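# Structural features, examined
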Amino acid sequence: MGQTDLTRPLGRPGGWADPEPPCGNAEHGTLPVRPYDLLTLAACHALAALWRLLGLRNAAGMLRHYLRGTGAPHRVDAGRLLALPAVRAATEAQLTRWRAEALKRWAAGGRAPAAYPADSGWRDVLITRDVSPDWWLALRYMEFRLTGTVRVAVDGTTVVDYRCAVHKAWNFDRGGRELGVPFTPFARLHETGLAKEFAVTGEAFGHHA
């Protein structure tokens, strides 16, 4: 049956214990609504409709969820995110690190079959326009955390079972900008109560032999 390593998990150094908190915008509904806030709100509804017509379904869905103003978490298909080249490369790098660390411990422990818990901690990955215009507009970047087990057989072969959780604090950073477009007018929709920031969550499971 082998032994289970109950010491520190593989691959944790460099990861964060908790996902990134929301940005430092003003609290929801604490600023007065100005006429230009209503114009921004109308423009966002039109933009969400345009994105949907263009096939940018994830981007449209995120913006619409923001405009609904519930603040409820928005669940996404983490498996589709894992298929993006940038995300796949980031997660595969963690799995490779787990395997290397597991083999090192296995060799030091007498090469008996063993199982090692693994935890990447929270890490971020950038999603660019080149990777996916839709997911770039929807998220721009996201955080992921891999947890699982690496099993090493007596001959040194490894099998990895893991869970990938994804997270994104979805908001517009006051003072930020992208492609010259300032985020402050969009952040004000949350601050005036016309929209509400929310968390994007999801999970997927994998097996690597």
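With that settled, consider the pairing of strand β5 (residues 141-152). For a regular strand, side-chain orientation follows a simple rule: the groups alternate between the two sheet faces. For strand β3 (residues 114-119) and β5, the ladder comprises 6 bridges, and the chain directions are antiparallel. Each residue of the ladder has a partner; that of A118, found in β5, is G148. Of the pairings in the sheet, the one linking strand β4 (residues 123-126) to β5 comprises 4 bridges and is antiparallel in character. Bridged to L126 within β5 is Y141.

Once that is clear, we can look at helix α1 (residues 35-53). Counted at 1.5 Å a residue, the expected span for α1 with its 19 residues is 27 Å, and the 28 Å between its end C-alpha atoms agrees. Regarding α1, the residues found buried are D37, T40, L41, C44, A48 and W51. An end-on view of α1 places all buried positions within 100 degrees of arc, on one side of the element. Facing away from the buried side of α1, by more than 90 degrees, are the exposed residues P35, L39 and L53. Looking one or two residues past α1, G55 carries a phi angle of roughly 85 degrees, positive in sign.

Rules used throughout
Residues numbered from 1 in each chain as written. Predicted model: local features only at pLDDT ≥ 70, side-chain atom pairs only at ≥ 80, totals over all residues. Heavy atoms only, no water. Pairing = 2+ DSSP bridges. Helix = DSSP H or I, 4+ residues; strand = E, 2+ residues; numbered from the N terminus. Expected span 1.5 Å × (residues − 1). Buried < 20%, exposed > 50% of the residue type's maximum accessible area, 1.4 Å probe, protein only. Arc of directions from axis to C-beta.

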